[in-house]
Amino acid sequence: MKLIQVEDYQDMGKKAAEIILDRVRNTENIVLGLATGGTPISTYENIVQDHQTNGTSYQHVTSFNLDEYIGVRPDHPNSYHTFMYKHLFHHINIPQEKIFLPNGMAEQQQECRDYEQRIREHGGIDLQVLGIGENGHIGFNEPGTAFDSTTHVVDLAESTRQANARFFESMEDVPKQAITMGIGSILRSKEILLLIAGEAKSKALAKLLDKQVDEQFPASALHHHANVTVIADKAALQTQMSTHH
Ligand code: F6R
């Protein structure tokens, strides 16, 4: 696991975009795995800005998102579909037919199997972008999820619902379930880029850097992967800095 330290959230976005752009420019028919949430927004902003100024093309890019809420229509303002189009897909030239997110309105078990199958048919994910939950979740794989899990339906932890409540009118509007790529699906990506910023994530980052592998801390599965880069900002790294200096 390689650790890149950056100053702040904005710098994280620049560095992450730099890595993603390098792979996009140098890989034929690249398959990206993408995340939603607050973490990758500055990364997507940099990607959009680069597309506008340098014209980097996304015609050859396929993308699979990690997760989507169940019972939320794709065109709902709070769906992850809407999020991705708003922050990225509307602003770059990725072909519509190469964009994949789980469908939260489809028959769930079938959709999980189909999603996994679609990823396989595209040759697997070349570069997977991840954020991390305060409880160590990756995708919506909450503590206790098997490390060999494939795309599946999850009940969202109460703490995860609360963390996401800021995007909804009220707590009752926050969905209780989601479809997520499994930890096994994530580990099959050829390369993983984990983004961690802000003080709220410092405990999770400290635990990750502790290198103990434990199903109660989903992100620790990444220690089983040979090509993981973590980009972390100072605020997230503060626990390390105070213990090591
Ligand atoms: C999002 C996802 C989640 C988030 C995590 C952090 O697609 O899979 O694992 O990456 O919940 O969320 P933020 O970035 O909002 O702190």
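Refer to the preceding data block for the structure.
Residues numbered from 1 in each chain as written. Predicted model: local features only at pLDDT ≥ 70, side-chain atom pairs only at ≥ 80, totals over all residues. Heavy atoms only, no water.

Asks: I'm lost on the site of the ligand in this one. Help?
Replies: The full set close to the ligand counts 13 residues, and Thr-39, Asp-67, His-137, Gly-139 and Lys-201 are the nearest of them. Measuring from an oxygen atom of the ligand, one finds a side-chain N or O atom of Asp-67 at 2.6 Å. Starting from 410 Å² of accessible surface for the ligand in isolation, the protein chains cover 92%. For the shell around the ligand, the residue count by class is 3 nonpolar, 7 polar and 3 charged. (Near = heavy atom within 4 Å. Polar contact = N/O pair within 3.5 Å; in protein donor to acceptor, adjacent residues only side chain to side chain. Areas by Shrake-Rupley, 256 points an atom, 1.4 Å probe, with all protein chains shown as cover. Nonpolar A, V, L, I, M, F, W, Y, C, P; charged D, E, K, R; others polar.)

Asks: What is the right way to read the sheet that holds strand E7 (residues 152-155) from this model?
Replies: What holds strands together in a sheet is hydrogen bonding between their backbones, with the strands either parallel or antiparallel. Sheet architecture is open: 3 strands sit in the order E4-E8-E7, paired in antiparallel fashion. Sheet topology places strand E4 (67-69) and E7 at the edges, where each strand pairs with a single neighbour. Here the average twist between neighbouring strands, direction ignored, is 25°. When E4 meets strand E8 (residues 177-180), the two strands line up antiparallel, connected through 3 bridges. Bridge assignment links Glu-68 to a residue of E8, and that residue is Ile-179. Here helix H4 (residues 108-121) sits on the sheet in contact with E7 and E8, set at roughly 125° to E7. (Pairing = 2+ DSSP bridges. Helix = DSSP H or I, 4+ residues; strand = E, 2+ residues; numbered from the N terminus. Axes fitted to C-alpha atoms, helices over the stretch in contact; angles between N-to-C directions. Contact = heavy atoms within 4.5 Å.)

Asks: Would you mind going over the sheet that holds strand E9 (residues 191-196) with me for this structure?
Replies: Judged by pairing direction, the sheet is parallel, and its 7 strands sit side by side in the order E1-E10-E9-E6-E2-E3-E5 without closing on themselves. The outermost strands of the open sheet, each flanked by one partner alone, are strand E1 (2-6) and strand E5 (99-100). The pairing of strand E6 (residues 127-130) with E9 spans 4 bridges and is classified as parallel. Considered in E9, the bridge of Leu-127 is made with Glu-191. Sitting on the sheet, H4 touches strand E3 (62-65) and E5, and the angle it makes with E3 is about 150°.

Asks: Before we go on, may I ask you to explain the pairing of E3 in this structure?
Replies: The side chains of a regular strand alternate, first on one face of the sheet and then on the other. Along E3, one buried face is formed by Thr-62 and Phe-64 and the opposite face, lined by Ser-63 and Asn-65, is buried too. Sheet topology places strand E2 (residues 31-34) next to E3; 4 bridges connect them, and they run parallel. Note on E3: the bridge partner recorded for Gly-33 is Phe-64. Regarding topology, helix H2 (residues 41-54) serves as the crossover connection from E2 to the parallel E3, and that connection is right-handed. As paired strands, E3 and E5 are joined by 2 bridges and run parallel to one another. Opposite Ser-63, over in E5, you have Ile-99 as the bridge partner. (Buried < 20%, exposed > 50% of the residue type's maximum accessible area, 1.4 Å probe, protein only. Right-handed = clockwise from strand over helix to strand, strands pointing away.)

Functional significance is not addressed by these values, which are geometric in nature.
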